[in-house]
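A closer look at the structure
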Amino acid sequence: SEAHLVEAVCESDVSKFVSACTRFVQSLRGDEVGLEYARRKVPLFKPPRFAARGRRSRTNRAPLQSALSVVMLQPCDYDTRDTEVQRSGKAVAERRIKDRKRFAVEDFRWSGAVPPGLRPGSRVLMCLADSKNRVSVDAPARILAVRKYRRPSGTRRALIFVETRKWVRQKSLSDLIRRVPRAAALRRVRSCREIRDMNLAFQLSGVWAARTETRPISGFHDDAPHAARA
């Protein structure tokens, strides 16, 4: 535990919070474990592999992160069909937000087949390129819902609804690379790429971890151009 795990503790004197924690822990209870029962289970214990010591070199292990994909987007205008799907899909996505004071629903359009990495529950790093190829990057956002549909011509589209933090500024891609040099790989993304390196995903998430602003800022608000895959 001391050398290998990432742990956190929260101390609180708020009675409602303490009661909620107590109820959660109690909800996990199963059969009572007596002394004889515990003794019978001792032979089943296997030490965790990462706790090995000795001559083996210790490597830095990043905490496991939920899946993170990078998408490269461009401003676009929604047509009538897009707007219809947006209206119905946004209502569903908003019901899935638990803290509306801190989070809002944004969306972007995807043309063609939706990549496996863009699924509800995973995270997405939205990069928006302007007409001069300057790229701004939003903080990682959780995907709430994916609405697939077809245009009258039969072509496939989807709207991806995400949960964004209201008080976090975008960053330029160049600034992001200065903070995380390995993020230079994002320059090669043309549509969507899933980040399989958990250390890189952890570093990218940390750039926005403790930075807040005094007003909500995002490139995907309703009063700004919508975005679509490049």
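What comes next is a walk through the structure. (Residues numbered from 1 in each chain as written. Predicted model: local features only at pLDDT ≥ 70, side-chain atom pairs only at ≥ 80, totals over all residues. Heavy atoms only, no water.)

Notes on the overall build of the chain
Scanning the chain from N- to C-terminus turns up five helices and nine strands. Going through the 230 residues of the chain one by one, you find that 36% of them count as buried. Of the contacts formed within the chain by residues at least 6 apart in sequence, a portion of 73% connects residues at least 24 apart. For the chain, the accessible surface area stands at approximately 15,700 Å², while carbon and sulfur atoms represent 50% of it. (Helix = DSSP H or I, 4+ residues; strand = E, 2+ residues; numbered from the N terminus. Buried < 20%, exposed > 50% of the residue type's maximum accessible area, 1.4 Å probe, protein only. Contact = heavy atoms within 4.5 Å. Areas by Shrake-Rupley, 256 points an atom, 1.4 Å probe, with all protein chains shown as cover.)

A short note on the nonpolar core
Within the largest apolar cluster, 23 residues are counted, with the highest numbers of intra-cluster contacts made by Leu125, Val137, Leu176, Leu204 and Trp208. Of all elements in the fold, only β1 (68-76), β3 (123-129), β4 (135-137), α4 (173-179) and α5 (198-207) reach the threshold of two or more residues within this core. Of the residues forming this core, the biggest block, four residues, is contributed by α5. Apart from the residues within four sequence positions on either side, Trp208 is in contact with Leu125, Val137, Asp138, Ala139, Pro140, Arg165, Val168, Arg169, Lys171 and Leu176. Counting residues in hydrophobic clusters, the runner-up holds 14 residues, among them Met126, Leu128, Ala158 and Val162. (Core = buried A, V, L, I, M, F, W, Y, C linked by side-chain atoms within 4.5 Å.)

Let's talk about the pattern of salt bridges
Overall, the coordinates contain ten salt bridges when judged by the stated rule. Taking the shortest distance from any N to any O, the salt bridge between Asp82 and Arg157 comes out at 2.9 Å. On the criterion of sequence distance, the pair formed by Asp82 in helix α3 (residues 80-95) and Arg157 in strand β6 (residues 156-165) is long-range, its members being 75 residues apart. You'll find Asp82 and Arg157 in the same group, each marked buried. Ionic pairing is found between Arg178 and Asp175, a salt bridge with its closest N-O pair at 3.6 Å. With a gap of three residues between them, Arg178 and Asp175 both fall in helix α4, about one helical turn apart. Judged by its relative accessible area of 60%, Arg178 falls in the exposed class. (Salt bridge = Lys/Arg side-chain N within 4 Å of Asp/Glu carboxyl O.)

Focus: α5
For α5, the full list of buried residues reads Leu200, Ala201, Leu204, Ser205 and Val207. Buried residues of α5, seen end-on, are gathered within an arc of 150 degrees and therefore sit on one face of the element. Along its buried surface, α5 packs onto β1, β3, β7 (171-172), α4 and β8 (192-195). In this structure Asp197 caps α5, since a side-chain oxygen of it lies 2.9 Å from the backbone nitrogen of Asn199. (Arc of directions from axis to C-beta. Polar contact = N/O pair within 3.5 Å; in protein donor to acceptor, adjacent residues only side chain to side chain.)

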